[in-house]
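In case you want the letters, here they are:
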Amino acid sequence: MHDKPDETVGALIEEFLTARATRKPSPHTLAAYRRDLTAVAELIAADGDATPLPLDRVAVSALSPRVMRAAFARFAGPRAAASVHRAWSTWNSFFTFLVAEGVVPGNPMPAVGRPRTPLPRPKPLRGEDTPEELLAAVARAEGRQRDPWPERDLAVLALALCAGLRLSELLALRVSSVAGRDGERRVDVAGKGGRPRTVPIEDAVDRVLTGYLDSRRLRFGARNVRPDSPFLVDRHGEALRRGGLQYLVESCYRRAGIGDRVPRGARLHALRHTFATRLAEDGASAAEIMRLLGHASLASSQTYIEVTAGQQRAAVAANRTNRALSGLLKR
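In this text, all values refer to a predicted model and were calculated from it rather than measured experimentally.

We now examine the packing of helix α6 (residues 150-163) against helix α9 (residues 242-256). Between α6 and α9, the shortest axis-to-axis distance is 11 Å and the interhelical angle comes to 100 degrees. What the angle tells us is that α6 and α9 run roughly perpendicular. When α6 is examined against α9, the residues Arg-152, Asp-153, Val-156 and Leu-157 are found in contact with a partner set consisting of Leu-245, Leu-248, Val-249, Cys-252 and Arg-255. Residue classes in the contact of α6 with α9 are distributed as six nonpolar, no polar and three charged.

With that settled, consider the packing of aromatic side chains. Applying the stated criterion across every chain, the model contains 10 aromatic pairs. With a centroid separation of 5.8 Å and 40 degrees between ring planes, the pair formed by Trp-91 and Phe-95 is classed as tilted. Of this pair, Trp-91 and Phe-95 both sit in helix α4 (residues 81-100), four residues apart, which is roughly one turn of the helix. Judged by relative accessible area, which is 1%, Phe-95 ranks as buried. An aromatic cluster is defined as three or more aromatic residues linked by ring pairs; in this entry it consists of Phe-16, Tyr-33, Trp-91, Phe-94, Phe-95 and Phe-97. The cationic tip of Arg-219 hangs over the ring face of Trp-149; the distance from NZ or CZ to the ring centre is 4.2 Å.

We now examine helix α11 (residues 286-293). Looking only at α11, the buried set comprises Ala-286, Ile-289, Leu-292 and Leu-293. The buried residues of α11 occupy one face: seen down the axis, they fall within an arc of 130 degrees. Just beyond α11, the residue with positive phi is Gly-294, at close to 75 degrees.

The rules we used
- Residues numbered from 1 in each chain as written.
- Predicted model: local features only at pLDDT ≥ 70, side-chain atom pairs only at ≥ 80, totals over all residues.
- Heavy atoms only, no water.
- Axes fitted to C-alpha atoms, helices over the stretch in contact; angles between N-to-C directions.
- Helix = DSSP H or I, 4+ residues; strand = E, 2+ residues; numbered from the N terminus.
- Parallel < 35°, antiparallel > 145°, perpendicular 65-115°, else oblique.
- Contact = heavy atoms within 4.5 Å.
- Nonpolar A, V, L, I, M, F, W, Y, C, P; charged D, E, K, R; others polar.
- Phe/Tyr/Trp six-rings, centres within 6.5 Å; stacked < 30°, edge-to-face > 60°.
- Buried < 20%, exposed > 50% of the residue type's maximum accessible area, 1.4 Å probe, protein only.
- Lys NZ or Arg CZ within 6 Å of the ring centre and 35° of its normal.
- Arc of directions from axis to C-beta.

Quick look at the structure:
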């Protein structure tokens, strides 16, 4: 391992992003890496000057712990803790890559402070029977739709509500991703960060997925349903894209009339959170939730257990007998 102090930050950022691309992250993840790396690097390049140096003229040898601390202090000023935390993680990965490549002798990021950010709270659909209402509404083909395809729409909801798949995971599915013998059916998922996982599916979900593929054969022919074909397609038989999937889920909410029960900022993700919350309510452990949802850490899964415990405590507190007892003690 050896130093290469003449290499520039701009060129190394591009090299790092190229290496990351082989893990098949989403375009949004790659764009976030680029923004975090570039924003901090530009602060280093400016060093207090109004006109910063181009990043292809900033040597990697300039990235000392002192310089990185100063840059992150300026970066953190106008930004939320979560944004600073994410940028710190990106730079930590960047330096880990540089150390592995023999470009720098060590990683300065442990010397740079980072804020502690609470894990985001789950945002499931509100209402005890909301998932059931949603599924029932979508299963019915409505005349107001220009080209109703309830089989496809129901398959999307089933995979999110009963298997907990993320948006990117849904889009990455292939026809062959649904596999296994009768009674042991599963979905093979290409998870976040390149982590594969297997999610078992029950017979009802399997029938929904099979019904969707049958309807697709009728629409587009058997060649459209080859094992390597995208599992989800649009109304033209082409691979469904991010915007199309988001619009599909939004239209499902509208058809079911539950838009007011979907948490802000968690449209499709609310279905995944509902899956995990119901697992916790039915007694699943944090380790089981972690495996099924593909979380990188147990802490993320534990939040569903904690939320469920909080809901149980709130229900007990609302009991009229408890209120009566509290009134007696006050008197």
